[in-house]
Amino acid sequence: MSKIFKLHASSAVKIAGVKALGATGINFIYEWMKEKVYQKKSEFDSKYFEKGNFCEQPALDFSAAKLGFEHSFKNDEYFEDDYFCGTPDLILEQSNLIVDIKNSWDCFTFPLFEDDIPSKGYYYQLQVYMHLTGIHNSKLVYCLMDAPTDLINKETRRQAWAAGHMGFATEDLSAAVLDKMTYSNVNDDLRLKVFDVAFDPSAIAFLQQRVKECQEIVSNSKFFQTYYKS
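No experiment lies behind these values; they were computed from the predicted model shown.

**Some thoughts on the layout of surface pockets**
Here is step 1 of the chain: Space inside the second largest pocket adds up to approximately 190 Å³.
Here is step 2 of the chain: Lining the second largest pocket are Tyr30, Met33, Lys34, Val37, Tyr38, Ser221, Phe223 and Phe224.
Here is step 3 of the chain: Only helix H1 (22–38) and helix H8 (222–227) provide two or more residues apiece to the lining of the second largest pocket.
Here is step 4 of the chain: By residue number, the principal contributor to the lining of the second largest pocket is H1, which donates five residues.
Here is step 5 of the chain: Tallied by class, residues from the lining of the second largest pocket come to six nonpolar, one polar and one charged.

Here is the structure:
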C-alpha cells in the first residue's frame, strides 16, 4: 500500500524541508491522500500557471533556436521508479541533456541578475528527472515570452475594474497592459536565462528518504487504507 505514493518531480520542494517533512510536507501528503480517497484532483490555477502552460511550446522553440538544441519537440514520455515520477520538458539524447523550461510572468519575476537558481524546488525537480532518465546533465531555462492575447485581455479587464471603469479599458490602459505583458521587442539576450545543473546523487538519496517518510504516513493511515480504492 505504501508504494502507491511516488513523488512527482515538480512537487519535490514540498517534502524537502530542512527538518524532516515539516508542516509543508505533511500537508502535502494529506492532500495527496485526499485526492486518492475522493478521486478528485486538487485544482491549481493562476495567471502565472496559465501563461506558463500556453507559452510552453513557444518557449521551447525560442530556447532551441537560441541555444542550438537539436530539436524542440516536447517530450511526452513518462518516467517512474519506486520513489519518483515525472515527464521532463525536453530530452536531447544526442547532447545527453535534460532541459526544463520556466516561463516568467514578467521582467520583474525573470531572474536576470541571479547567479544561482532562484527556486530550490526547480533544482530538485531536475535532479529527479536526471535520476529517472539516467541523463546526468541538465539545463534550467527561464524564458520571457509574450503573454497570450486572452490573458492580456483578461488582465486589461481586471485592471479596468480595479480602476473603477466597470471593466471597460481606456486606450491608455490597454496600451500599458500590452506593453507590460509583451517582450518580443526586447533583445533576445534579455529574455533567456540558463542555469546548468549537474547530477547530485546525495540530493536523490535525501529525497528518497523523504519519500519513504511519506510512504510510511500513507501505510500507517488506517483511514486511507479503508477508503482508498485502487
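What follows picks up the thread again.
**Structural notes on H1**
Here is step 1 of the chain: Its 17 residues place the ends of H1 24 Å apart at the C-alpha level, agreeing with the 24 Å of an ideal helix rising 1.5 Å per residue.
Here is step 2 of the chain: Looking only at H1, the buried set comprises Gly25, Phe28, Ile29, Trp32, Met33 and Glu35. The arc that holds the buried residues of H1, viewed along the axis, is 155°, so those residues lie on one side. Set apart from the buried face of H1 by more than 90 degrees, the exposed residues are Ala23, Asn27, Lys34 and Tyr38.
Here is step 3 of the chain: For H1, the secondary structure elements touched by its buried residues are strand S1 (7–8), helix H7 (201–220) and H8.

**Some words on helix H5 (residues 149–162)**
Here is step 1 of the chain: In a regular helix each residue adds 1.5 Å, so 14 residues correspond to 20 Å; H5 covers 20 Å between its end C-alpha atoms and thus fits that length.
Here is step 2 of the chain: Among the residues making up H5, those that are buried are Leu151, Ile152, Glu155, Thr156 and Ala160.
Here is step 3 of the chain: Gly164, located one to two residues past H5, shows a positive phi value of around 85°.

**Structural notes on the pattern of salt bridges**
Here is step 1 of the chain: The final tally for this structure, using the stated rule, is eleven salt bridges.
Here is step 2 of the chain: A salt bridge links Asp188 to Lys66, with the shortest nitrogen-to-oxygen separation between them at 3.6 Å. Highlighted residues: Asp188 in the loop between helix H6 (171–181) and strand S7 (192–198) and Lys66 in helix H3 (residues 56–67), separated in sequence by 122 residues.
Here is step 3 of the chain: Take Asp188: its relative accessible area is 27%, and that puts it in the partly exposed class.
Here is step 4 of the chain: Take Lys66: its relative accessible area is 39%, and that puts it in the partly exposed class.
Here is step 5 of the chain: Close ionic contact of Arg210 with Glu213 constitutes a salt bridge, the shortest N to O distance being 3.6 Å. With Arg210 and Glu213 both in helix H7 and three residues apart, the pair spans about one turn of that helix.
Here is step 6 of the chain: Residue classification places Arg210 among the buried residues on the basis of a relative accessible area of 5%.

**Quick word on unusual backbone geometry**
Here is step 1 of the chain: Here Gln39, not a glycine, exhibits a phi torsion of approximately 55°, which is positive.
Here is step 2 of the chain: Mapped onto the elements, Gln39 comes out in the loop between H1 and helix H2 (47–54).
Here is step 3 of the chain: A residue is classified by how much of its surface remains accessible, and Gln39, at 62% relative accessible area, is exposed.
Here is step 4 of the chain: Even without glycine at this site, Asn96 takes up a positive phi of about 55°.

**A short note on the packing of aromatic side chains**
Here is step 1 of the chain: Here the structure, examined in full by the defined rule, presents eleven aromatic pairs.
Here is step 2 of the chain: Between Trp32 and Phe224, the ring centres sit 5.9 Å apart and the planes meet at 35°, which makes this aromatic pair tilted. One end of the pair, Trp32, is in helix H1; the other, Phe224, is in helix H8, and 192 residues separate them in sequence.
Here is step 3 of the chain: Residue Phe224 is classed as buried on the basis of its relative accessible area of 2%.
Here is step 4 of the chain: Between Tyr142 and Phe195 the ring centres are 5.9 Å apart and the planes differ by 80°, which places this aromatic pair in the edge-to-face class. Here Phe195 lies in strand S7 and Tyr142 lies in strand S6 (residues 137–143), a separation of 53 residues in the sequence. Of the two residues, Tyr142 and Phe195, neither departs from the other in class, the shared state being buried.
Here is step 5 of the chain: Grouping aromatic residues by their ring pairs yields a cluster made of Phe5, Phe28, Trp32, Phe224 and Tyr228.

Definitions and limits used
Residues numbered from 1 in each chain as written. Predicted model: local features only at pLDDT ≥ 70, side-chain atom pairs only at ≥ 80, totals over all residues. Heavy atoms only, no water. 1 Å grid on protein atoms, 1.4 Å probe; cavity = no way out; pocket = protein on both sides within 12 Å on 5 of 7 lines; lining within 4 Å. Points joined across faces, edges and corners; volume = space filled by probe spheres on them. Helix = DSSP H or I, 4+ residues; strand = E, 2+ residues; numbered from the N terminus. Nonpolar A, V, L, I, M, F, W, Y, C, P; charged D, E, K, R; others polar. Expected span 1.5 Å × (residues − 1). Buried < 20%, exposed > 50% of the residue type's maximum accessible area, 1.4 Å probe, protein only. Arc of directions from axis to C-beta. Contact = heavy atoms within 4.5 Å. Salt bridge = Lys/Arg side-chain N within 4 Å of Asp/Glu carboxyl O. Phe/Tyr/Trp six-rings, centres within 6.5 Å; stacked < 30°, edge-to-face > 60°.

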